[in-house]
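Chain by chain, the residues:
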Amino acid sequence: MLAAAAGGRAQAVVVRGEAGIGKSALLDHVVALHGAGPLLRTVGTEAERDLPFAALHALLRPVRHRIDALPRPQSAALRTAFGQAAARGGDRFLVGVAVLTLLADLSENGPLLCVVDDAQWLDHASADALLFAVRRLNAEPVTVVFGARAGEHPFAAAGVAELALTGLDAERSTALLAELRGEIAPAVRDRVVAEAEGNPLALIELSGMLGPEERAGRLPALTLYTEATTPAGRVETAYRERVAALPDRTRSLLALAAAEGTGALGLILRAAARLGTEAADLEPAEHAGLVRVESAVLTFRHPLVKAAAYRGAPLAVRQAAHRALSDALGGADVEDLDDAEDRRAHHLAAAATGVDEALGRVVERAADRALRRGAPAVAAAVFERSAQLSEDRELRARRLAAAAEAAAAAGQLDRAGRLVVRGDRLTARPELAARLAAVAAALEFERGNAAAAGRIAVEAAETMAATTPEQAVALLGAAAEYAWFAGDGEVLARASHLMEIARRHSDVPLGNVPSVVRGTELLRSGDHAAGLELLRRALAPVGPARPADVLAATHTVFAALRTGGDSEALAAADELTRRCRAQGRVADLTHALQLRIQARILLGHLPEAEADAAEGLRIADAIGHSRRARNIEGVLSLAAATRGDAELCEELARSGTEGGLAPGASWGGYALGLLALGLGDHRLAADRLAALWAGPVGHTVIVRFALPSLVEAAVRLGDPDRAAEPFARFEGWAHNSGRPWALAVTERCRALLAGPEDGERHYLAALDQHEHATRPFEHARTLLLYGEWLRRARRRNDAATRLRAAAKVFHRLGATPWFDRAVAELAAIGAKPRDMTAEQAVDELAVLTAQERQVALLAATGASNREIAAQLFLSPRTVGYHLYNAFPKLGITSRAELSRFDRDGAGSAGRHGPGSRTTAYTTPDGRGP
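In this text, all values refer to a predicted model and were calculated from it rather than measured experimentally.

A.B. asks: Tell me about the overall build of the protein chain, and name the residues and values.
C.D. replies: For the protein chain, the count of helices and strands is 46 helices and seven strands. The globule rule puts the C-alpha radius of gyration for 929 residues at 30 Å, and the 33 Å found for the protein chain is close to it. Its C-alpha atoms give the protein chain principal-axis dimensions of roughly 110 × 65 × 50 Å. Scored against the burial criterion, the 929 residues of the protein chain give a buried share of 56%. In the protein chain, once contacts between residues fewer than 6 apart in sequence are set aside, the share between residues at least 24 apart is 69%. Looking at the protein chain as shown, the accessible area adds up to about 36,100 Å², and 51% of this sits on carbon and sulfur atoms. Each charge class in the protein chain can be summarised by its mean position, and for the 109 positive and 114 negative side chains these summaries are 3 Å apart.

A.B. asks: Could you give an account of unusual backbone geometry, naming the residues involved and the relevant values?
C.D. replies: For aspartate 118, which is not glycine, the phi dihedral falls at a positive 50°. As for its placement among the helices and strands, aspartate 118 is situated in the loop between strand 3 (112-117) and helix 6 (124-136). Looking at aspartate 118, the relative accessible area reads 7%, which means it is buried. Positive phi is not limited to glycine here, since arginine 794 has a value of about 60°. Here arginine 794 shows up in the loop between helix 40 (776-792) and helix 41 (796-813).

A.B. asks: I'd like a rundown of the pattern of salt bridges, residues and numbers included.
C.D. replies: For the structure shown, the criterion picks out 59 salt bridges. Residues arginine 301 and glutamate 205 are paired through a salt bridge, measuring 2.7 Å at the closest nitrogen-oxygen approach. Here the residue arginine 301 occupies a position in the loop between strand 7 (297-300) and helix 15 (303-311), and glutamate 205 occupies one in helix 9 (residues 200-208), the gap between them amounting to 96 residues. On the basis of relative accessibility, which here comes to 41%, the residue arginine 301 falls in the partly exposed class. In this structure, arginine 578 engages glutamate 575 in a salt bridge whose closest nitrogen and oxygen atoms are separated by 2.7 Å. With a gap of three residues between them, arginine 578 and glutamate 575 both fall in helix 29 (residues 566-583), about one helical turn apart. Owing to a relative accessible area of 6%, glutamate 575 belongs among the buried residues under this scheme.

A.B. asks: I'd like a rundown of the pairing of strand 6 (residues 291-294), residues and numbers included.
C.D. replies: In terms of strand pairing, strand 6 meets strand 7 through four bridges, oriented antiparallel. Bridge pairing links valine 291 to phenylalanine 300 in strand 7. Hairpin remark: strand 6 followed by strand 7, antiparallel, with two residues in the connecting loop; positive phi at serine 295, about 50°.

A.B. asks: Before we move on, can you summarise the side chain of glutamate 260 with the specific residues and values?
C.D. replies: Here glutamate 260 is to be found in helix 12 (residues 248-260). Of the polar contacts made by the side chain of glutamate 260, one reaches the side chain of threonine 262; its length is 2.4 Å. Non-local contacts of glutamate 260, meaning those with residues more than four positions away in its chain, are made with Ala47, Leu267, Ile268, Leu325 and His347.

A.B. asks: Describe the packing of aromatic side chains, naming the residues involved and giving the relevant values.
C.D. replies: A full pass over the atoms with the stated rule returns 13 aromatic pairs. Ring geometry for phenylalanine 445 versus tyrosine 482: centroids 4.8 Å apart, planes at 35°, classification tilted. Remark: tyrosine 482 occurs in helix 24 (residues 469-486) and phenylalanine 445 occurs in helix 22 (residues 430-446); sequence separation between them is 37 residues. Take phenylalanine 445 and tyrosine 482: they sit in the same class, and that class is buried. Ring centres 6.0 Å apart and planes at 65° place the aromatic pair phenylalanine 777 and phenylalanine 810 in the edge-to-face group. With a gap of 33 residues between them, phenylalanine 777 in helix 40 and phenylalanine 810 in helix 41 connect regions that are remote in the sequence. An aromatic cluster of at least three residues, connected via ring pairs, comprises Phe705, Phe730, Trp733 and Trp741. A cation over an aromatic ring shows up here: arginine 562 above the ring of tryptophan 484, its NZ or CZ 4.5 Å from the ring centre. Directly above the aromatic system of phenylalanine 705 lies the positively charged group of arginine 775, at a separation of 4.2 Å from the ring centroid.

A.B. asks: Before we move on, could you go through the packing of helix 4 (residues 72-81) against helix 5 (residues 92-106) and cite the residues and values that matter?
C.D. replies: Running from amino to carboxyl end, helix 4 crosses helix 5 at an angle of 110°, the nearest separation of the two axes being 8 Å. As the angle between them shows, helix 4 and helix 5 are arranged roughly perpendicular. The element helix 4 and its partner helix 5 pack so that their crossing is left-handed. Here helix 4 contributes Pro73, Gln74, Ala77, Leu78 and Ala81 to the contact with helix 5, which in turn contributes Leu94, Val95, Val97, Ala98, Val99, Thr101 and Leu102.

A.B. asks: Hey, could you go over the environment of glutamate 205 for me, with residue numbers and the actual values?
C.D. replies: Since its relative accessible area comes to 5%, glutamate 205 is described here as buried. Sequence spacing of glutamate 205 and alanine 676 is 471 residues, and the spatial spacing of their C-alpha atoms is 69 Å. Look past the residues within four positions of glutamate 205 in its chain and what remains in contact with it is Val235, Tyr239, Arg242 and Arg301. Polar side-chain contacts of glutamate 205 include one of 2.7 Å to the side chain of arginine 301.

A.B. asks: Lay out the nonpolar core in plain terms, naming residues and giving numbers.
C.D. replies: Membership of the largest hydrophobic core comes to 219 residues, with the highest contact counts inside it found for Leu56, Leu60, Leu78, Phe146, Phe155, Trp733 and Phe810. Residues within four places of tryptophan 733 in sequence aside, it is in contact with Leu523, His528, Leu532, Arg562, Thr563, Gly564, Val701, Arg704, Phe705, Trp741 and Ala742. Formed by 46 residues, the second largest nonpolar core is a distinct cluster that contains Ala185, Leu201, Val243 and Leu304.

A.B. asks: Give a detailed account of the pairing of strand 2 (residues 39-43), specifying residues and quantitative values.
C.D. replies: Residues Leu40 and Thr42 of strand 2 are buried on one face, while the alternating residues Leu39, Arg41 and Val43, pointing to the opposite face, are not. For strand 2 and strand 3, the ladder comprises five bridges, and the chain directions are parallel. The partner of leucine 40 across the bridge, within strand 3, is cysteine 114.

A.B. asks: Got a sec to walk through the sheet that holds strand 4 (residues 142-149)? Specific residues and values, please.
C.D. replies: Spatially, 2-3-4-1-5 is the arrangement adopted by the five strands of the open sheet, whose pairing is parallel. Edge positions in the sheet fall to strand 2 and strand 5 (161-164), since each of these pairs with one other strand and no more. Neighbour to neighbour, the strand axes of the sheet diverge by 15° on average, direction disregarded.

Criteria and cut-off values
- Residues numbered from 1 in each chain as written.
- Predicted model: local features only at pLDDT ≥ 70, side-chain atom pairs only at ≥ 80, totals over all residues.
- Heavy atoms only, no water.
- Helix = DSSP H or I, 4+ residues; strand = E, 2+ residues; numbered from the N terminus.
- Rg over C-alpha atoms; globule rule 2.2 N^0.38 Å.
- Buried < 20%, exposed > 50% of the residue type's maximum accessible area, 1.4 Å probe, protein only.
- Contact = heavy atoms within 4.5 Å.
- Areas by Shrake-Rupley, 256 points an atom, 1.4 Å probe, with all protein chains shown as cover.
- Lys, Arg positive; Asp, Glu negative; His and termini not counted.
- Charge placed at Lys NZ, Arg CZ, Asp CG, Glu CD.
- Salt bridge = Lys/Arg side-chain N within 4 Å of Asp/Glu carboxyl O.
- Pairing = 2+ DSSP bridges.
- Polar contact = N/O pair within 3.5 Å; in protein donor to acceptor, adjacent residues only side chain to side chain.
- Phe/Tyr/Trp six-rings, centres within 6.5 Å; stacked < 30°, edge-to-face > 60°.
- Lys NZ or Arg CZ within 6 Å of the ring centre and 35° of its normal.
- Axes fitted to C-alpha atoms, helices over the stretch in contact; angles between N-to-C directions.
- Parallel < 35°, antiparallel > 145°, perpendicular 65-115°, else oblique.
- Left-handed = near helix turned anticlockwise from the far one by under 90°.
- Core = buried A, V, L, I, M, F, W, Y, C linked by side-chain atoms within 4.5 Å.

Structure, rendered in structure tokens:
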């Protein structure tokens, strides 16, 4: 691994095994092999598991002077995480991006080794940040090695390679004993080997407790080890015996050091003074080889010694140790401890055994700080502890609600659900019940039960609409979206009614959410005219002057898509994506990218949509957003259907339709129908699209977009009556939307359904609307159908003109089956498509991977590697690696040659994301809209 990293390929592994198996020894060996190169190293400690970013702070302490050189949002995120800047509740994943950039920067000075031992005790925030960075390392000379204990508190590191350490066999165990202890009576030796079960530490420590008479077999041996059931337990028992043999003052001081956890000798001695002990009391433990002191750091011989010192102490001794540490942290000489208040709260809580309201407030403040610093998993645990310290039912409920919200934000869904149940049993206050309901609804939605989520949210909002309308809006907006995805018209109507009550009682503007909710409800009920008019009103411009309101921006995209406003949807999604990147909102970015992918596919920007999807899926995987990943895959399946990639389309659609929820299910269902239609299986296409329309997502706008394909499939089957009702539904929506592309497709459907004498009139009307419209794929489909109609009318020259125009667009889009159909129609009249080699029709960048494409498009705008890295949450070296691979594929040798791919003019990709195009496309005859 070290050699591979030195060659420019990042490496990572988790070395996993039971306590004493040799993990730390192997990590020491790796450090020795690494030599004098750049090194970061830390050890997780059980005492710091509830302290936000404690392990990451310790790991990066030697290079903290490099933090200010990071991009500003990243450096601010790290400073906030470490308690060195005002906490504003930033995106927790931005800390991971900052760690990625910092590791990459440090590796510029030579191959970097990062070693984290006892990773099972990392605080959640540190573990998340490190794993986020590790999974995105690529072309950097960085090796990351975690040591983690198997069993209790497992260190979950999905996607990182594992090396499992197992015990020594009997032969090697016997050899090790002989090397360590010399001659041992066979019966004693066999007993030690049996008790150790191949664990090297157990072999060393258990055999070390044998006296000369025991080694010779003249006295019974190892009677105390049988109390424990594992080798590690037997070793801890042995250590407890050794600690118990020390003087009382030494045992008290060791318990205090174990409670402190980090080995900070100055703090330990200040606390020891409060207990009447001093540094001299450590000497017996040092002489016994249980601890060592170097450079003002006290280190236990092994974590099991620390465990033995703490667990073997009476409760009163442990409580006194924690109180002494809390007092010491409250002194005036702890400026070096940025998180002293959090540590004080931790020790005070550890010393408490019952209700203590004053302490509960201290612990709650620590939880608030953890949340603001971007450590929701830690905050959840600390909020829960603060609830345990309170006797007041409503106060406990409030703290449990905060814990549930934090757990949900951390992706701990089961834990959040349990906290909601506990909080619900305690509170009678509507606002608290609503907070708990919001969490419960989000959990139901995440589990795939949108109908239940909508009911929970709307019932909770009923108690708030008139009393706290501003708080009710977000809950009602969520309820409406849940109900829309579930097709629950009743809940959608209730949400719309309650939103109107909230609007009347609010003293401040509520943004565009009420209009979107009401418009969506009218659209669902079939009132297209009123619904679309309200949704159009919600399409206020989204620009830098407007606040970065994720809820409002999201509803703007919803409104644009539901009115057929593809360009408006892309502009709003572009702006939302830009803000997420600029502000480091990594979790929100997956949603913004999903919305932009939808708009780009509808506009025919398939390569850009695929690049966005690659990024969105990579981030969703890194942060555990599995439902978002399924939605992105469902949406992306429509691009695969357009291209005719049956295997990929079906794989993506299966993922998207899992759980049956929109948008993944609606886009995936449309994709499967379009795929069959493109491949000429009209019966399968009609059956799939009819089932989609009649199913639980049949009301969604993407299914409306699919209805013209159902019309075409039914007509080609000779069953136009089957198309009558779906066409009427689409026609009503299109007429009220007023979108040129929708009016054009309506005319195309009329042409299909009309008799031979009326068909041409409708085709020409459709093409006239297409000249002013977006959606080139739909334009090309109209050209193809009109060309087929002209061929049947034996107007070969006119047919050839339309079919060549269709082939040109299909070729540019990479819509292979549709291109093949156009070529086949041309061949039927003895014509050929024009030579398209000069057009690079599918896209010159199609030879690149999705990530190479993103990087190349941004580089084409003149952005530097570091600027590109900041936008895409990669390291600058990885950006360089992708460009290095892209150049030969594109047949270029310099960065300057990339400028021809800046499609929107210099800098546009930097402003709006790679390849962003918000205007209508150029028509096949070269004229603009």
